[in-house]
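Working through the structure, step by step
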Amino acid sequence: MNLVTATWTEPGNTPVALLLLGKGTDPASERGVDCPGDLPAPSDPDLVARATAAKAALGDRVFVLGHHYQRDEVIQFADVTGDSFKLAQQAAARPEAEFIVFCGVHFMAESADILTKPEQQVILPDLAAGCSMADMAVLGQVETAWEHFQDLGIAGDIVPVTYMNSSADIKGFVGRNSGVVCTSSNAKRALDWSFEQGSKVFFLPDQHLGRNTAVLEMGFDLDDCVLYDPHKPHGGLTDEQLRNARMILWRGHCSVHGRFTIDSVREVRERVPGVNVLVHPECRHDVVRAADYVGSTEYIIKALDAAPAGSAWAVGTELNLVRRMALAHPDKQIMFLDRTVCYCSTMNRIDLPHLVWTLEELVAGRVPNVITVDEKTAREARVALDQMLALP
């Protein structure tokens, strides 16, 4: 097979491209908060040197975590890279570090705070780095749904399952109702365990991961799944639908993975003969069905690492990761599944100026943006996280 010399071509700009945040307030964001203090200008040519110096000055007192979807300018300073759960575990495995700087989004920092020691402080460089999917499951709405299930007499049959991509209070709700947290790589194991405990699952907050796992990996029919819309009375479902359903899916989704369409798959197959389509299970059901390979972020990385030279891959996940993999494997043709920019805008709010500001604040003896989960919520969420760790 002839080797392919690949160069990364940036997708075209669109109105929904990367939202660049600097100093100030973004009232339209999930968190809408100020970044206090003096944030370095993105154009400062000394940013890399400043980050290097500050990190060196802190030494083992600081441990920097970088999610796979972070920008390269931030990833270069990460002590460990990975998905959200791996990073939270890594934080817990570094009890000597006073400060855990989590370059990710809010729910990830919350999970790290739950799993680390009380004396450790978890820091999010930009508090506006939220997650639109996590914010689609609001505790009050979830509790209202559960009360409706109780009124119908079916709550005793339901096991709540929440994706790792959820807030601490949702994990706490699941923990106090004898449920489990799952990741995209162990969702089937979590559902297998759940159906040993009850006859129904209430899956939060990502409908696509729940549906794709139940139908494509467990052999359920689409009719076994119903979609609960918290903005409609009783979720927009009849009592009969709820009683008959095996999977009650919350109406939530990832704004990045939800952008991929079946047309994206058809277009790339026409344009690149023999291309392998590799997507994340947060993608829509028809996209996942049309793909050649489906798996978590870690699965995607391993698949591309192991792919033969000269092979072509269209990848349906966040653009920073796809670009990084394309540049790491110039002997393979690795491309973005969609033609337009699809950064995670909230994840990208943590840029090099925010990281520099965070590290320099720590050097100066000031601890910014500490993420703290209250003791009761943390205890209940830990129950659900520990149940995930105990899965066979």
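Described below are features of the structure shown in this document.

Criteria and cut-off values
- Residues numbered from 1 in each chain as written.
- Predicted model: local features only at pLDDT ≥ 70, side-chain atom pairs only at ≥ 80, totals over all residues.
- Heavy atoms only, no water.
- Buried < 20%, exposed > 50% of the residue type's maximum accessible area, 1.4 Å probe, protein only.
- Helix = DSSP H or I, 4+ residues; strand = E, 2+ residues; numbered from the N terminus.
- Pairing = 2+ DSSP bridges.
- Right-handed = clockwise from strand over helix to strand, strands pointing away.
- Phe/Tyr/Trp six-rings, centres within 6.5 Å; stacked < 30°, edge-to-face > 60°.
- Lys NZ or Arg CZ within 6 Å of the ring centre and 35° of its normal.
- Expected span 1.5 Å × (residues − 1).
- Contact = heavy atoms within 4.5 Å.
- Core = buried A, V, L, I, M, F, W, Y, C linked by side-chain atoms within 4.5 Å.
- Axes fitted to C-alpha atoms, helices over the stretch in contact; angles between N-to-C directions.
- Polar contact = N/O pair within 3.5 Å; in protein donor to acceptor, adjacent residues only side chain to side chain.

Side chains of strand 10 (residues 276-279) alternate between two faces, with Asn276 and Leu278 and Val277 and Val279 buried alike. Across 4 bridges, strand 10 lies against strand 12 (residues 312-316) in parallel orientation. Across the sheet, residue Val279 finds its bridge partner in strand 12, namely Gly316. Of the crossover connections in this fold, the one passing from strand 10 over helix 11 (residues 285-290) to the parallel strand 11 (residues 293-294) is right-handed.

Next up on the list: the packing of aromatic side chains. Taken as a whole and judged by the stated rule, the model has 11 aromatic pairs. Taking 5.6 Å as the distance between ring centres and 85° as the angle between the ring planes, the aromatic pair formed by Trp146 and Phe173 counts as edge-to-face. Highlighted residues: Trp146 in helix 5 (residues 139-152) and Phe173 in helix 6 (residues 168-176), separated in sequence by 27 residues. Neither Trp146 nor Phe173 differs from the other in exposure class; each is buried. When the ring of Phe195 is compared with that of Phe220, the centres are 5.3 Å apart and the planes differ by 65°; the resulting orientation is edge-to-face. Taken together, the residues span a long stretch of sequence, with Phe195 in helix 7 (residues 187-197) and Phe220 in the loop between helix 8 (207-217) and strand 8 (225-228) at a distance of 25 residues. Given a relative accessible area of 7%, Phe220 falls into the buried group. Taken together, Trp146, Phe149, Phe173, Phe202, Tyr228 and Trp250 form an aromatic cluster joined through their ring pairs. Taking the ring centre of Phe195 as reference, the NZ or CZ of Arg246 above it sits at 5.7 Å. Looking at Arg246, its charged tip hangs above the ring of Phe220, at a distance of 3.9 Å from the centre.

Between the first and last C-alpha of helix 14 (residues 352-363) there are 16 Å, a value that for 12 residues agrees with the 16 Å anticipated at 1.5 Å per step. Taking burial as the measure, the 12 residues of helix 14 include 10 buried ones, the bulk of the element. Within helix 14, burial applies to Leu352, Pro353, His354, Leu355, Val356, Trp357, Thr358, Leu359, Glu361 and Leu362. As for helix 14, its buried residues are in contact with helix 1 (47-58), strand 1 (62-67), helix 2 (72-75), strand 3 (99-103) and strand 4 (121-123).

Residues Phe149, Phe202, Phe203, Met247 and Ile248 are the most contacted members of the largest nonpolar core, which totals 127 residues. Sorting elements by how many residues they give to this core places helix 4 (residues 106-115) first, with 6 residues. With residues up to four places along the chain from it excluded, the contact list for Ile248 reads Phe149, Ile158, Val201, Phe202, Phe203, Val226, Tyr228 and Leu242.

The next thing to look at is the sheet that holds strand 12. Reading across from one edge, 11-10-12-13 is the order of the 4 strands in this open sheet, with parallel pairing throughout. Among the strands making up the open sheet, the edge pair consists of strand 11 and strand 13 (333-336). Pairing of strand 12 with strand 13 involves 4 bridges; the strand directions are parallel. Within the sheet, the bridge partner assigned to Trp313 lies in strand 13 and is Ile334. Against the sheet, helix 12 (residues 297-306) engages strand 10, strand 11, strand 12 and strand 13, with an angle of about 155° to strand 10.

Here 5 strands make up an open sheet; going across it, the order is 6-5-7-9-8 and the pairing parallel. Every interior strand has two partners, whereas the edge strands, strand 6 (180-182) and strand 8, have only one. Strand-to-strand twist across the sheet, computed as the mean angle between neighbouring axes with direction ignored, equals 25°. Of the pairings in the sheet, the one linking strand 5 (residues 158-163) to strand 6 comprises 3 bridges and is parallel in character. Note that in strand 6 the partner of Tyr163 across the bridge is Cys182. Sheet strands touched by helix 5: strand 5, strand 7 (200-204), strand 8 and strand 9 (247-250). Its angle to strand 7, the strand with the most contacts, is close to 170°. Of the strands in this sheet, strand 5, strand 6 and strand 7 are in contact with helix 6, which crosses strand 5 at around 155°.

Right, let's talk about the side chain of His68 for a bit. Looking at the secondary structure, you find His68 in the loop between strand 1 and helix 2. Of the polar contacts made by the side chain of His68, one reaches the side chain of Glu298; its length is 3.1 Å. Apart from the residues within four sequence positions on either side, His68 is in contact with Thr81, Gly82, Asp83, Thr297, Glu298, Ile301, Leu321 and Arg324.

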